[in-house]
Amino acid sequence: MLQTRVIPVLLLRNNELVKTTQFKKDKYVGDPINAIKIFNDKEVDELIVLDIDASKNNTEPNYELIESFASECFMPICYGGGVKTLEQMKKIFRLGIEKISINTGNLESYDLVKEAIETFGAQSIVLSIDIKKSLFGSYYIYNHAKKRKAKQTLDQYLDDIDKLGVGELFINSVDNDGMQKGYDLQLIKKVESKVSMPLVVCGGASSLDDFKTVKDNCKVSGLAAGSFFVFHGPFNAVLISYPKYQDLRTLFGE
Amino acid sequence: MVVIIDYGMGNLGSVRNMLKKLGYKSIITSDKDEILNAQRIILPGVGSFDKAMNNLKELNLIEVLNKKVLEEKTPILGICLGMQLLTNGSEEGKEKGLGYIDAFAHKFNFETKDKELPIPHMGWNITTLNENKSFNTTEEEYRFYFVHSFAVTCNNPDEILFETKYGYNFVSAFQKDNILGAQFHPEKSHKFGMQFFKNFLENS
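Every chain's residues receive numbers from 1 upward, in the order its sequence appears when written. Here every chain gets a letter starting at A, and every ligand a number starting at 1, in the order they are written. Thresholds applied to this predicted model are a pLDDT of at least 70 for local features of residues and 80 or more for the giving and counting of side-chain atom pairs; totals over whole chains, interfaces and linings are not thresholded and use all residues. Side-chain figures throughout are based on the complete set of non-hydrogen atoms in the structure, without hydrogens or water.

(A) Local environment of the pattern of salt bridges. Residue and element names in this part refer to chain A. Put simply, a salt bridge is a Lys or Arg side-chain nitrogen that is within 4 Å of an Asp or Glu carboxyl oxygen. Scanning the model with the defined rule gives 23 salt bridges over all chains in all. A salt bridge links Asp155 to Lys194, with the shortest nitrogen-to-oxygen separation between them at 3.7 Å. In this pair, Asp155 is assigned in helix H6 (residues 154-164) and Lys194 in the loop between helix H7 (185-192) and strand E11 (199-202), connecting sequence segments 39 residues apart. The buried label goes to any residue with under 20% of its type's maximum accessible area, the exposed label to any with over 50%, and the partly exposed label to all in between, with areas taken from a 1.4 Å probe on protein chains only. By relative accessible area, Lys194 is classed as partly exposed at 27%. Residue Lys189 pairs with Glu192 through a salt bridge whose shortest N-O separation is 3.7 Å. You can see Lys189 and its partner Glu192 sitting in helix H7, three residues apart, about one turn around the helix. Judged by its relative accessible area of 39%, Lys189 falls in the partly exposed class. Elements are defined by DSSP. Helices are runs of H or I of four residues or more, strands are runs of E of two residues or more, and each kind is numbered from the N terminus.

(B) Region of the structure containing the packing of aromatic side chains. Residue and element names in this part refer to chain A. Between 30 and 60 degrees the pair is tilted, below 30 it is stacked and above 60 it is edge-to-face, where a pair is any two Phe, Tyr or Trp rings, Trp via its six-membered ring, whose centres lie within 6.5 Å. This model, assessed by the stated rule, comprises 30 aromatic pairs over all chains. Both rings, one in Phe39 and one in Phe229, keep their centres 6.4 Å apart while their planes meet at 85°; by these two values the pair is edge-to-face. A residue pair is termed long-range when its members are at least 10 positions apart, and Phe39 in helix H1 (residues 32-41) and Phe229 in helix H9 (residues 227-230) qualify at 190 residues. You can call Phe39 buried: its relative accessible area is 0%. Look at Phe229 and you get buried, because its relative accessible area is 1%.

(C) Spotlight on the interface of chain A and chain B. Facing the 32 residues of chain A at the interface are 34 residues of chain B. The term buried area denotes the loss of accessible surface (1.4 Å probe radius) that occurs when two parts are joined, taken as the sum for both partners. For the pair chain A and chain B, the summed buried area comes to about 2,700 Å², and 54% of that belongs to carbon and sulfur atoms. For the chain A face of the interface with chain B, the top three residues by lost area are Met1, Leu2 and Phe74 of chain A, together amounting to 29%. The tally of links from chain A across to chain B stands at three salt bridges. A salt bridge links Lys191 of chain B to Glu43 of chain A; the shortest N-O distance between them is 3.4 Å. Residues adjacent in sequence count toward polar contacts only when both atoms are side-chain atoms; beyond that, a polar contact is any pair of N or O atoms within 3.5 Å, and within protein one must be able to donate a hydrogen and the other to accept it. Taken together, chain A and chain B are joined by 14 residue pairs in polar contact (both at pLDDT 80 or more). Counting residues per element, the ones that place at least two in the side of chain A that touches chain B are helix H4 (86-94) and helix H5 (111-120) of chain A. Of the residues belonging to the side of chain A that touches chain B, the class tally is 14 nonpolar, 10 polar and eight charged. The contact criterion used is simple: two residues touch if any of their non-hydrogen atoms lie within 4.5 Å. Lys, Arg, Asp and Glu make up the charged group, whereas Ala, Val, Leu, Ile, Met, Phe, Trp, Tyr, Cys and Pro make up the nonpolar group; the residues left over, Gly among them, are polar.

(D) Summary view of the pairing of strand E9 (residues 160-166) of chain B. Residue and element names in this part refer to chain B. With five of its seven residues buried, E9 lies for the most part within the structure. Between any two strands, at least two bridges found by DSSP are needed for them to pair. Of the strand pairs in this sheet, strand E6 (residues 121-129) and E9 are connected by two bridges, and their pairing is antiparallel. In the strand pairing of E9, Leu129 is matched with Phe162. Two elements, E9 and strand E10 (residues 168-176), share six bridges in a ladder whose sense is antiparallel. By the bridge assignment for E10, Lys165 is matched with Asn169.

None of this, on its own, says anything about what the molecule does.
Take a look at the structure:
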């Protein structure tokens, strides 16, 4: 049967790899091509690479960089960050990227995603949402480029996304990001019941147990993480790692 | 020369990258003469069935493919949507497929609501080899990366090469004479994909 995917998420800032904490403070991790080569050698299931400034700064994707890491990978890569036009998407796919993630690009208007699905097929488009918890304990969508709440409620947005029919939904907990205290189970349970497409979750993973907890309690297709794969030890020393294939199968009982 | 057909759909760069890694040169083209000279043909594909068939028609590629595949028996590998194009057709569209293999693509349909699984089938899944078929293996178990919402059934069980289970069994690879189809993406399946390509490139 289909195996649960375990997916490293790499964040690009000024063409370097960084890791954030709650979407703020960032720590330098290293050279992206190097890290990606290592992940490829470790035969990771898939990679997500996100340019975290592109949307805010309205910059064009770095095609040269994308081409160099796409050529190093014999597993699927999902690329995201400030993608706003079909032309950009066409270029990115041609370079050897399998999926493109759209986040803030879908908050004001659904047109881009609709056209992208028409042109490239739903399986190539990932809808990404950053989610925060308010002081009153309710979840809301966070537009990280504009640093403000999105106009849709989370429930409304999930309904809309399910209707749009994207290939995959990626949710990221801003509050748990980089905190290494586990995933936000409450959030995942809330989202999983509302969508019919594959769901990938991110934010807070610190151990294999965290992966297992989500898998045992929720219906997810993929478990994504940042810190877990690039840091090691109490002082967050940079170390690129990935669990062994057999260990993951045993962990998930697959 | 290995020719990767460029009909405007598919991850051509990734296929070429893996071939390069395996030491094989390839060209990405829609030029009829170059296709006529091909020793091996790869038909990739990502997107929708009708658009793909229409693109092939508009580029006038169907005749040359028929000549190469049916007359000259040039080995051809269809990947993902490319595999589905080699069949009689798909529920996804109205166009007829190339009809090289007696098979058809159906949308994943899980009998009851409680048996429903997310669509598309996305991620790594195991393939089981048909005992009656040959495939050079180096690993005990084979897994590949799948991304698709439509799955193939073969009318001739002898043409099934691999089966995979997602709710139920479907044909994840078929093979008949010079025609090979893979529902998964070997170019994105690490060493397993490389071994699959090797089988295609090295067998006569």
